[in-house]
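Remarks on the overall topology
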Amino acid sequence: MSSLIKFQKEQLFVTLKGLAMGVADIVPGVSGGTIAFITGIYDQLIASISSVNKDFVKLLLQFKIKQALGHINFQFLFPLMCGIFAALILGSRVMHYLLHNHPEQTWSMFFGLIAASIIFIGKQINGITNPRNILTIVAGSVIGYILVSLIPVHSENSYLNLFGAGAVAICAMILPGISGSFILLILGKYAYVTGALKQPFIENHLNVIMVFSLGCLVGILTFSKILNWLLQNFHNLMMCFLTGFMIGSMKKIWPWKEVLESKVIRGKTYVLQEANILPTNFDQGFWVAAGLMIVGFILVLLLERVSKK
């Protein structure tokens, strides 16, 4: 009986972590991979996704369903995916409201969360003062900074480009520090893909969705295997690189910004280029934002203490 309660408790915690990942994926510039890092399931997530291979397909074709599900760690993936999809469905409107009506306060909360998570992940690096580790952190920071600073490009909406966009965007979703929606915006495919998703049965939209989804599937299965191999063979260096990547991507989630260029897509305004600025108006909104930044920072520290217990 106690083992059953323990199992149900573990499933509940995994579902809650999935909810947190889903909420992060809703926010442009914040990745579910970051939350996976904070909650300590990143390695397990990458290993579980990468286990979808020829052995899994072989077991399915032999109708060995139980063995196939065990092969991909279904007891972990299923509650996690349930949490992610539930957050995407239930939380999208809430996050949309917060980002449009209270942007500084919302970004401040995420800034505090990710700032503390960088410290949390950095503590797991062995020999962080080693010159090689420092160089890797710097390299990750530079790459992360450049990626979140890219100006969106425009390309032909061919099936090949859609397939490629799906493969790249889904990879970003499992990397900490950068979101798949932001990558789609950079590649100039955000409006086209979201338009097809909103009206899937118009013209060739179903074909667009299928090609994009196939790109996502191929991308995540391929990239997860590469990432899993790197984590298994160069775990410490990868932790250094990903820590740096998160540091560089902090530019994207700084709460106080000035819009330099924007574009209206189907009645909604999307920021294409912006600059970070220092707060100039120290009103009530500023102090609420500052308080939420501290709250976010403390939440990660509490989460770390709970996870140790």
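The structure this text deals with has already been given above.
Note that the structure is a prediction, hence the values are computed from the model and not measured. (Residues numbered from 1 in each chain as written. Predicted model: local features only at pLDDT ≥ 70, side-chain atom pairs only at ≥ 80, totals over all residues. Heavy atoms only, no water.)

A few words on a nonpolar patch on the surface. There is a patch of nonpolar side chains on the surface, built from Met81, Phe85, Leu88, Ile89 and Leu90 and spanning about 510 Å² of accessible area. Among the structural elements, Met81 can be located in helix α6 (residues 74-101). Of the residues examined, Met81 reaches a relative accessible area of 30% and is grouped as partly exposed. (Patch = residues over 30% accessible without salt bridge, like charges linked within 9 Å, V, L, I, M, F, W, Y side chains within 5 Å. Areas by Shrake-Rupley, 256 points an atom, 1.4 Å probe, with all protein chains shown as cover. Salt bridge = Lys/Arg side-chain N within 4 Å of Asp/Glu carboxyl O. Helix = DSSP H or I, 4+ residues; strand = E, 2+ residues; numbered from the N terminus. Buried < 20%, exposed > 50% of the residue type's maximum accessible area, 1.4 Å probe, protein only.)

Right, let's get into the packing of aromatic side chains. This model, assessed by the stated rule, comprises 8 aromatic pairs. Ring geometry for Phe74 and Phe78: centres 5.2 Å apart, planes at 25°, overall stacked. Here Phe78 and Phe74 lie together in helix α6, a separation of 4 residues that amounts to about one turn. Among the residues examined, Phe74 registers a relative accessible area of 33% and is labelled partly exposed. By relative accessible area, which is 46% here, Phe78 ends up partly exposed. Three or more aromatic residues link up through ring pairs in this structure, and these residues are Phe111, Trp254, Trp256, Phe282, Phe286 and Trp287. Sitting above the plane of the Tyr145 ring, Lys251 keeps its charged end 5.4 Å from the centroid. (Phe/Tyr/Trp six-rings, centres within 6.5 Å; stacked < 30°, edge-to-face > 60°. Lys NZ or Arg CZ within 6 Å of the ring centre and 35° of its normal.)

Our next topic: the packing of helix α11 (residues 190-198) against helix α12 (residues 205-233). Here α11 crosses α12 at 120°, and the two axes come no closer than 9 Å. Crossing of α11 over α12 shows left-handed handedness. On α12, the residues touching Tyr192, Val193, Gly195, Ala196 and Leu197 of α11 are His205, Val208, Ile209 and Phe212. Here the residues of the contact of α11 with α12 sort into 7 nonpolar, 2 polar and no charged. (Axes fitted to C-alpha atoms, helices over the stretch in contact; angles between N-to-C directions. Left-handed = near helix turned anticlockwise from the far one by under 90°. Contact = heavy atoms within 4.5 Å. Nonpolar A, V, L, I, M, F, W, Y, C, P; charged D, E, K, R; others polar.)

What follows deals with helix α13 (residues 235-249). In an α-helix, one turn spans 3.6 residues, which is why side chains three or four residues apart end up on the same side. With 15 residues, α13 should reach 21 Å at 1.5 Å per residue; the first-to-last C-alpha distance of 21 Å fits that figure. In terms of burial, α13 is a largely internal element, 11 of the 15 residues being buried. What α13 keeps buried is the set Asn236, Met238, Met239, Cys240, Leu242, Thr243, Gly244, Phe245, Met246, Gly248 and Ser249. At its buried positions, α13 is contacted by α2 (32-38), α3 (42-50), α7 (103-122), α8 (131-149) and α12. (Expected span 1.5 Å × (residues − 1).)

What follows concerns α8. Taking 1.5 Å as the rise per residue, α8 with 19 residues should run 27 Å; its terminal C-alpha atoms sit 27 Å apart, in good agreement. Burial in α8 covers these residues: Asn133, Thr136, Ile137, Gly140, Ser141, Gly144 and Val148. The arc that holds every buried residue of α8, seen down its axis, measures 140°, which confines them to one face. Those residues of α8 that are exposed and angled more than 90 degrees off the buried face are Pro131, Arg132 and Leu135. Turning to α8, the residues buried within the fold contact α10 (180-186) and α13. (Arc of directions from axis to C-beta.)

No statement about biological role is implied by the geometric values presented.
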